[in-house]
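Architecture at a glance
Now for the letters of each chain:
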Amino acid sequence: MANATTAAPAPLRTERQTARRTWPLRAALGVVLVVLAVVAVLTGDLGARLLLGGLGLLAAARGAGLLRAGSVPAGAAAVVGGPAAVAVAVVSAAATGWVLLAGVPLTLLAGAAVALARGGAARRAGAALLVWTVLVGALLAGTLVFQGTDRAAAVAAVVAALATGLTAVPLLVAAAGLRAVANTPEPPRAAGCAGCACSGGGCGIPRA
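A brief report on the enclosed structure follows.

Basis of the calculations
- In this convention, every chain numbers its residues from 1, walking through the sequence in written order.
- Note on the predicted model: pLDDT of at least 70 is required for a residue's local features to be given, and 80 or more for side-chain atom pairs to be given and counted; whole-chain, interface and lining totals, by contrast, use all residues.
- Remark: hydrogens and water are excluded; side-chain values derive from all non-hydrogen atoms of the structure.
- Only DSSP runs of H or I reaching four residues or more are called helices, and only runs of E reaching two or more are called strands; each is numbered from the N terminus.
- The buried label goes to any residue with under 20% of its type's maximum accessible area, the exposed label to any with over 50%, and the partly exposed label to all in between, with areas taken from a 1.4 Å probe on protein chains only.
- The contact rule is simple, with two residues in contact once any of their heavy atoms fall within 4.5 Å.
- Accessible surface area values rest on a Shrake-Rupley calculation with a 1.4 Å probe, where residue burial reflects the displayed protein chains alone.
- Any Phe, Tyr or Trp ring, taking Trp's six-membered ring, that has another such ring centre within 6.5 Å forms a pair; planes under 30 degrees apart are called stacked, those over 60 apart edge-to-face, and the others tilted.
- The rule is short: NZ of Lys or CZ of Arg within 6 Å of the ring centre and within 35 degrees of the ring normal puts a charge over the ring.
- Angles shown run from 0 to 180 degrees and are taken between the N-to-C directions of axes, each axis being a line fitted to C-alpha atoms and, for helices, limited to the stretch in contact.
- An angle counts as roughly parallel when it lies under 35 degrees, as roughly antiparallel when it exceeds 145, as roughly perpendicular when it falls between 65 and 115, and as oblique in every other case.
- For any helix crossing, the convention is left-handed if the near helix is rotated counterclockwise from the far helix by under a right angle, and right-handed if that rotation is clockwise.
- By definition here, a helix of n residues has an expected span of 1.5 Å times n minus one.
- The arc in question is formed by the directions pointing from the helix axis toward the C-beta atoms.
- Lining residues are those with an atom within 4 Å of a point, where the points come from a 1 Å grid over the protein atoms alone and group into cavities, where a 1.4 Å probe fits but cannot get out, or pockets, open sets with protein on both sides within 12 Å along at least five of seven lines.
- Grid points are joined across faces, edges and corners, and a volume is the space filled by probe spheres set on the points.
- Side-chain classes follow a simple rule in which Ala, Val, Leu, Ile, Met, Phe, Trp, Tyr, Cys and Pro form the nonpolar group, Asp, Glu, Lys and Arg form the charged group, and the remainder, Gly included, forms the polar group.
- Take the buried Ala, Val, Leu, Ile, Met, Phe, Trp, Tyr and Cys residues and link them wherever side-chain atoms come within 4.5 Å; each set so joined is a nonpolar core.
- The residues that make up patches have over 30% relative accessible area and no salt bridge, and they are joined within 9 Å when like-charged or within 5 Å when they are Val, Leu, Ile, Met, Phe, Trp or Tyr.
- Definition used for salt bridges: Asp or Glu carboxyl oxygen within 4 Å of a side-chain nitrogen of Lys or Arg.

Some thoughts on the overall build of the protein
- Looking only at helices and strands, the protein has six helices and zero strands in total.
- Secondary structure elements in the protein, listed N-terminal to C-terminal, are α-α-α-α-α-α.
- When the 208 residues of the protein are sorted by exposure, 25% land in the buried category.
- Across the protein, the fraction of contacts at a sequence separation of at least 24, relative to all contacts at a separation of at least 6, is 62%.
- Taken as a whole, the protein presents about 13,000 Å² of accessible surface, with 70% of it coming from carbon and sulfur.

This is the structure we're talking about:
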């Protein structure tokens, strides 16, 4: 016989509750990425340093989240690399240029590899990103050889800004979808024991 004093299990988080908690975070992250991209394009060397530093801070925060979730290699790399990027951005504009020059194609290549490994639609996106990575790498290499380091670093900063802005798009779209889910009304709850076995004493709980 069931015990009437037994505590009921904690209710699971509903889809709407999860959406209400998640959509502001995704929207804020998307807006931050857009702002970083615009600033990087409009303000030259300062923008490149702000872009690298901002991305470093976001990477460190993401790495901490990955570590809490148990993804140690990726989380540790982000936690170490993020602050290092911030330090480079603070210390030197020239070093920032070199980091972007090397980091942009490597980051695009890593993203393409991850997408290709997932298969399905992500695999097609990964193949397209791989082609873009080759083109960007060739552009940066050609600029470096024929126009020098400063010009190549400036091109790398623009490419990084464009990639950052594009990354914001799915975040903002997802945030809009989650907000729509969060704003839908909760379904009406079932009314007590009406019409169920409990109303006839079938639940086994003594009634007064």
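With respect to the packing of aromatic side chains
- Taken as a whole and assessed by the stated rule, the structure comprises zero aromatic pairs.
- Sitting over the ring of Trp23, Arg179 keeps its end group 5.4 Å from the ring centre.

Describing the packing of helix 2 (residues 44–68) against helix 6 (residues 149–182)
- The contact between helix 2 and helix 6 brings their axes to 10 Å, and the two run at 45°. One element, helix 2, and the other, helix 6, form an angle in the oblique class. When the axes of helix 2 and helix 6 are compared, the crossing they make is left-handed. For the pair helix 2 and helix 6, the contacting residues are Ala48, Leu51 and Leu55 in the first and Ala157, Ala160, Ala161 and Thr164 in the second.

Things to note about helix 3 (residues 72–91)
- With 20 residues, helix 3 should reach 28 Å at 1.5 Å per residue; the first-to-last C-alpha distance of 29 Å fits that figure.
- Listing the buried residues of helix 3 in full gives Gly75, Ala78, Gly82, Ala85 and Ala89. The arc enclosing the buried residues of helix 3, seen along the axis, measures out at 95°, which places them on a common side. Turned more than 90 degrees away from the buried face of helix 3 sit Pro73, Val80 and Val91, all of them exposed.
- If you follow the buried residues of helix 3, they end up packed against helix 2 and helix 4 (93–118).

Brief notes about the packing of helix 2 against helix 3
- Axis separation between helix 2 and helix 3 bottoms out at 7 Å; the angle between their running directions is 155°. Regarding the angle of helix 2 to helix 3, the classification is roughly antiparallel. As helix 2 packs across helix 3, the resulting crossing turns out to be left-handed.

Here we look at the layout of surface pockets
- Its boundaries defined by the atoms lining it, the largest pocket holds a volume of some 1,900 Å³.
- Lining the largest pocket are 43 residues, with Leu55, Ala59, Arg62, Thr107 and Thr167 sitting closest to its centre.
- Contributions of two or more residues to the lining of the largest pocket are made by helix 1 (15–42), helix 2, helix 3, helix 4, helix 5 (120–147) and helix 6.
- Sort the elements by how many residues they give to the lining of the largest pocket and helix 4 lands first, with eleven residues.
- The calculated volume of the second largest pocket comes to roughly 270 Å³.
- Contributing to the lining of the second largest pocket are 18 residues, with Asp45, Gly97, Asp150, Ala153 and Ala154 lying nearest its centre.
- A breakdown of the residues in the lining of the second largest pocket according to their chemical character gives eleven nonpolar, four polar and three charged.

Considering the nonpolar core
- Counting 21 residues, the largest nonpolar core has Leu51, Leu100, Val104, Val136, Leu140 and Ala156 as the members making the most contacts within it.
- At the level of secondary structure, the elements contributing two or more residues to this core comprise helix 1, helix 2, helix 3, helix 4, helix 5 and helix 6.
- Of the residues forming this core, the biggest block, seven residues, is contributed by helix 6.

With respect to a nonpolar patch on the surface
- A cluster of nonpolar side chains, Val31, Val34, Val35, Val38, Val41, Leu42 and Leu172, forms an exposed patch at the surface whose accessible area comes to about 580 Å².
- It is helix 1 that provides the largest number of residues to the nonpolar patch, a total of six residues.
- Considering the arrangement of structural elements, one finds Val34 in helix 1.
- Owing to a relative accessible area of 35%, Val34 belongs among the partly exposed residues under this scheme.

Taken by themselves, the reported measurements are silent on function.
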